[in-house]
There are 2 protein chains.
Amino acid sequence: MTSSKLDIVAIGDALVDVIATTDDAFIEAQGLPKGAMQLLTTERADELYAAMGPAREISGGSAANSMASAAALGLDVAFVGQISDDQLGDIFAHDMLSLGVRFETPPLTAPPPTGRCLILVTPDGQRTMNTCPGASHQLRPEALDEKLIASASVLMLEGYLWGPELPRQTLVRAIKIARQAGPKVAFTLSESVCLPGRREALNEMIGSGGVDLLFLNDNEALQLTGEQELAAALATLSAKVETLVVTRGAKGALGYENGIAVEIPAAPVEQVVDTTGAGDLFAAGFLAGRCRGRDLRCSLEIGALCAGEIISHFGARPEKDLKKLVQL
Amino acid sequence: MTSSKLDIVAIGDALVDVIATTDDAFIEAQGLPKGAMQLLTTERADELYAAMGPAREISGGSAANSMASAAALGLDVAFVGQISDDQLGDIFAHDMLSLGVRFETPPLTAPPPTGRCLILVTPDGQRTMNTCPGASHQLRPEALDEKLIASASVLMLEGYLWGPELPRQTLVRAIKIARQAGPKVAFTLSESVCLPGRREALNEMIGSGGVDLLFLNDNEALQLTGEQELAAALATLSAKVETLVVTRGAKGALGYENGIAVEIPAAPVEQVVDTTGAGDLFAAGFLAGRCRGRDLRCSLEIGALCAGEIISHFGARPEKDLKKLVQL
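Residues numbered from 1 in each chain as written. Chains lettered and ligands numbered in written order. Predicted model: local features only at pLDDT ≥ 70, side-chain atom pairs only at ≥ 80, totals over all residues.

Take the overall build of chain A next. Helix and strand content of chain A: 12 helices and 14 strands. In terms of overall dimensions, chain A is globule-like: its C-alpha atoms have a radius of gyration of 18 Å, near the 20 Å expected for 328 residues. Along the longest, intermediate and shortest principal axes, the C-alpha atoms of chain A span 50 × 45 × 40 Å. For chain A, the proportion of contacts with a sequence separation of at least 24, taken over those separated by at least 6, is 76%. (Helix = DSSP H or I, 4+ residues; strand = E, 2+ residues; numbered from the N terminus. Rg over C-alpha atoms; globule rule 2.2 N^0.38 Å. Contact = placed C-beta atoms within 7 Å.)

Our next topic: helix α11 (residues 296-310) of chain B. Residues and elements named next belong to chain B. Compared with an ideal rise of 1.5 Å per residue, which puts 15 residues at 21 Å, α11 spans 22 Å between its outermost C-alpha atoms and is within 8% of the ideal. Counting buried residues along α11, 12 of its 15 residues qualify, which places the element largely inside the surrounding structure. Among the residues making up α11, those that are buried are L296, S299, L300, E301, I302, G303, A304, C306, A307, G308, E309 and I310. Turning to α11, the residues buried within the fold contact α3 (62-72), β13 (253-257), β14 (260-264), α10 (278-291) and α12 (322-326). (Expected span 1.5 Å × (residues − 1). Buried ≥ 20, exposed ≤ 12 C-beta atoms within 10 Å, placed from the backbone.)

This next bit is on the nonpolar core. By size, the foremost hydrophobic cluster in this structure holds 107 residues, and its most contacted members are B:I8, B:M67, B:V77, B:F79, B:L155 and B:L287. Once residues within four sequence positions are removed from consideration, B:V77 is found in contact with B:L6, B:D7, B:I8, B:A10, B:M67, B:A70, B:A71 and B:V101. Among the nonpolar cores identified, the runner-up in size contains 106 residues, and A:M52, A:A68, A:L75 and A:C306 belong to it. (Core = buried A, V, L, I, M, F, W, Y, C linked by C-beta atoms within 7 Å.)

Each partner contributes residues to the interface: chain A has 20 residues there, and chain B has 20 residues. Mapped onto the side of chain A that touches chain B, the elements with two or more residues apiece are β4 (56-59) and α4 (87-97) of chain A. Top contributing element to the side of chain A that touches chain B by residue count: α4(A), with five residues. Its residues assigned to classes, the side of chain A that touches chain B shows nine nonpolar, six polar and five charged. Judged from the three bridges that link them, β4(A) and strand β4 (residues 56-59) of chain B form a sheet pairing that is antiparallel. (Nonpolar A, V, L, I, M, F, W, Y, C, P; charged D, E, K, R; others polar. Pairing = 2+ DSSP bridges.)

In screw terms, the move from chain A to chain B is a rotation of 180° and a rise of 0.0 Å along the axis, fitting with an RMSD of 0.0 Å. Accordingly, the operation relating the two chain copies is best matched by a two-fold axis. Every residue of chain A has its C-alpha some distance from the rotation axis, and the shortest such distance is that of A:E57, at 2.4 Å. Take the interface residues of chain A: 100% of them recur as interface residues in chain B, which is what a same-surface contact looks like. (Least-squares fit on C-alpha atoms with pLDDT ≥ 70 in both.)

Looking now at the sheet that holds strand β7 (residues 115-121) of chain A. Taken in spatial order, the 10 strands of this open sheet run β3(A)-β8(A)-β7(A)-β2(A)-β4(A)-β4(B)-β2(B)-β7(B)-β8(B)-β3(B), and their pairing is mixed. Edge positions in the sheet fall to β3 (37-39) of chain A together with β3 (37-39) of chain B, since each of these pairs with one other strand and no more. Each strand of the sheet is rotated relative to its neighbour by a mean of 25°, with strand direction disregarded. (Axes fitted to C-alpha atoms, helices over the stretch in contact; angles between N-to-C directions.)

Residue and element names in this part refer to chain B. Where α3 contacts α10, the two axes come as close as 8 Å, and the packing angle between them is 45°. In this view, α3 runs oblique relative to α10, as classed from their interaxial angle. Crossing handedness for the pair α3 and α10: right-handed. Across the interface between the two elements, S62, N65, S66, S69 and A70 of α3 pack against D280, L281, A283, A284, L287 and A288 of α10. Within the contact of α3 with α10, the residues separate by chemical class into six nonpolar, four polar and one charged. (Parallel < 35°, antiparallel > 145°, perpendicular 65-115°, else oblique. Left-handed = near helix turned anticlockwise from the far one by under 90°.)

With that out of the way, let us pick up the pairing of strand β11 (residues 213-217) of chain A. Residues and elements named next belong to chain A. Of all five residues making up β11, five are buried, and the element is well covered by its neighbours. In β11, alternate side chains face the same way, and those of L213, F215 and N217 on one face and L214 and L216 on the other are all buried. With three bridges connecting them, strand β10 (residues 184-188) and β11 associate as parallel partners. Each bridged residue has a counterpart across the sheet, and for A186 the counterpart in β11 is L213. Following the backbone out of β10, through helix α7 (residues 199-207) and into the adjacent parallel β11, one traces a crossover that is right-handed. Alignment of β11 against strand β12 (residues 243-247), held across five bridges, turns out to be parallel. What sits directly across from L214, in β12, is L244. (Right-handed = clockwise from strand over helix to strand, strands pointing away.)

Quick look at the sheet that holds strand β1 (residues 6-11) of chain A now. All names here are of chain A. Read across the sheet, nine strands follow the order β6-β5-β1-β9-β10-β11-β12-β13-β14 without closing on themselves; strand pairing throughout is mixed. Each of the sheet's edge strands pairs with one partner strand only, and the pair in question is β6 (102-103) and β14 (260-264). The sheet contacts of helix α9 (residues 230-238) involve β11, β12 and β13 (253-257), and relative to β12 the element is tilted by about 150°.

Before going further, it helps to examine the packing of helix α8 (residues 218-225) of chain B against helix α9 (residues 230-238) of chain B. Helix-helix packing is described using two parameters, namely the angle between the two axes and the distance between the axes. All names here are of chain B. At their nearest, the axes of α8 and α9 sit 9 Å apart, and the two run at 70° to each other. For the element pair α8 / α9, the angle class is roughly perpendicular. Note on element contacts: α9 touches α8 through L230, A233, L234, T236 and L237, opposite D218, A221, L222 and T225.

Right, let's get into the pairing of β12(A). The side chains of a regular strand alternate, first on one face of the sheet and then on the other. Residues and elements named next belong to chain A. Judged by how many residues are buried, β12 sits mostly within the fold: five of five residues are covered. Strand direction decides the pairing type here: β12 and β13, joined by five bridges, are antiparallel. Across the sheet, V245 pairs through a bridge with G255, a residue of β13.

Moving on: the environment of B:S208. Residues and elements named next belong to chain B. Positionally, S208 belongs in the loop between α7 (199-207) and β11 (213-217). Residue S208 is classed as exposed on the basis of its C-beta count, with 10 C-beta atoms lying within 10 Å. Counting along the chain gives 91 residues from S208 to C117, while the straight-line C-alpha distance between them is 33 Å.

Of all residues in chain A, 99% have pLDDT values of 70 or greater, and the mean over the chain is 95. For this predicted complex, the interface confidence reaches an ipTM of 0.94, while the overall pTM sits at 0.96. (pLDDT = per-residue confidence, 0-100.)

Once that is clear, we can look at helix α8 (residues 218-225) of chain A. Residue and element names in this part refer to chain A. Along α8, the positions that sit buried rather than exposed are E220, A221, L224 and T225. Seen end-on, α8 carries its buried residues on one side only, within an arc spanning 115°. Its buried side turned inward, α8 meets α7, β11, α9 and β12. Just beyond α8, the residue with positive phi is G226, at close to 75°. (Arc of directions from axis to C-beta.)

Shown next, in the form of structure tokens:
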């Protein structure tokens, strides 16, 4: 707990990524949704883990990746997410704290264990994510520290937590705190949020002005709005939020704010190794730009630079010195 | 347990490597022996972990790295090492089994936890290893499966286990089994074995014909023999073992066998990223060559190729397809 001013406080999954390379045949044989994310039961996760190849473990979690990267960019940030009191939880906490991210959510002392995401990377650099959320989806509204949220300029919410009932309540409470206390609310969409039964509540939250800044990709924009055409979907959404950021992979990104639309290309990358975390790093770079007073275009460009760094190696935590890369 | 013929069974530390990049200033400030390995108590390991930067976790352990790589080269291999029944133990076991390495040592069900090696990699690619051995040094002589050892062509022993009393007894018992049952005994040296109190017993074991194949580097040869000149040290050692392999980093490697000496250059490498595992991969490649009937020079060259692969990325487990690289 602290009373000093924070740039961003983010709420999201606390996961350790378990990353293995594979081929398309394995993805198909296992019936996995290539390029997407699916939730696994513990049993199915154990089965898939036994079938997949040798792996490396790198801390992950979408909003957690964004905060690790924002801290590496020099921002003052905090993360709220649920780990358990176990070895993977220790790894997750270490990796946050060692970057200077404030992370004070008390670990669970009973099962489930800290969550894992089994990530299979195919030779085309695409990642297929298989999440066993464990403790991560046990994040309770009572775990929120009102003063911490009130002290931030931006509250960032990870869409993956919008799906299950318990962590969704936690996000809803966080938005209520932010609306009273001042931070802008940023929300990163995920495909899982666009499923029926989740989409409606999110549309209602966005429609009622609960979100200031929305991050999504083309596909999520179509699914969230139910539109057939991207232009119509973006027109609908940009009318409902102050700032809309659309990441489009190799096609770059779009930004909408106060009636202004900006388009930027993707940053050049020598070789795409693993696209895990591209959206998370884009969000980190964009928010870092905004927190440091940059305009829409410049912030989009910073986002693209950061996304370019992360897809050139395995894992969703930066390896290069982001500060040097971006020079905010 | 199996009665089919194995190429190699190896006994060594079962560790998960925790790998972070750092700079020379951090190594110096922490008083770490740059480029070497030191054993840490749990307390000191926790302190160092808290001080070091964000990390990635990749299964490690010297002989375990060799077996993972030998399996990737297509050999039938087994590994004997002590993990605990915890998340890091699961990771270690998964990474072995998923490569087809037989690994049947029952995990400990009480503390200590599975061992870790905190590896700090400096910009020059050197690694400084800080091992918290945990369960790994609790490997008991009773854990050995005589039939498994008897079924192998080569028994490979990791020098790190020669230091502490309990696992040293385990290695001594393994040599006894091998001497009755037939496999050649390969021993990989480590600096820690050359310390007074350990060196004498090892020299005695080597002097009494307990070791057929010795892997070491220049420095270890000098320390083990107490000689001032490398040539004298190698003359002494090559008279005591059937095969002597000396790895020399960027200077390549030397091999001695039946009065024949062979020298080979290092394999060309674009950029040295992390030298962790260079010796382990050299040993794997060399043994793979011998197990497939290659001569001394060719086996050394296979060793150098494998070492070149491992130092071009982080971690001591191969990322490229070793089978394609080597084409045994």
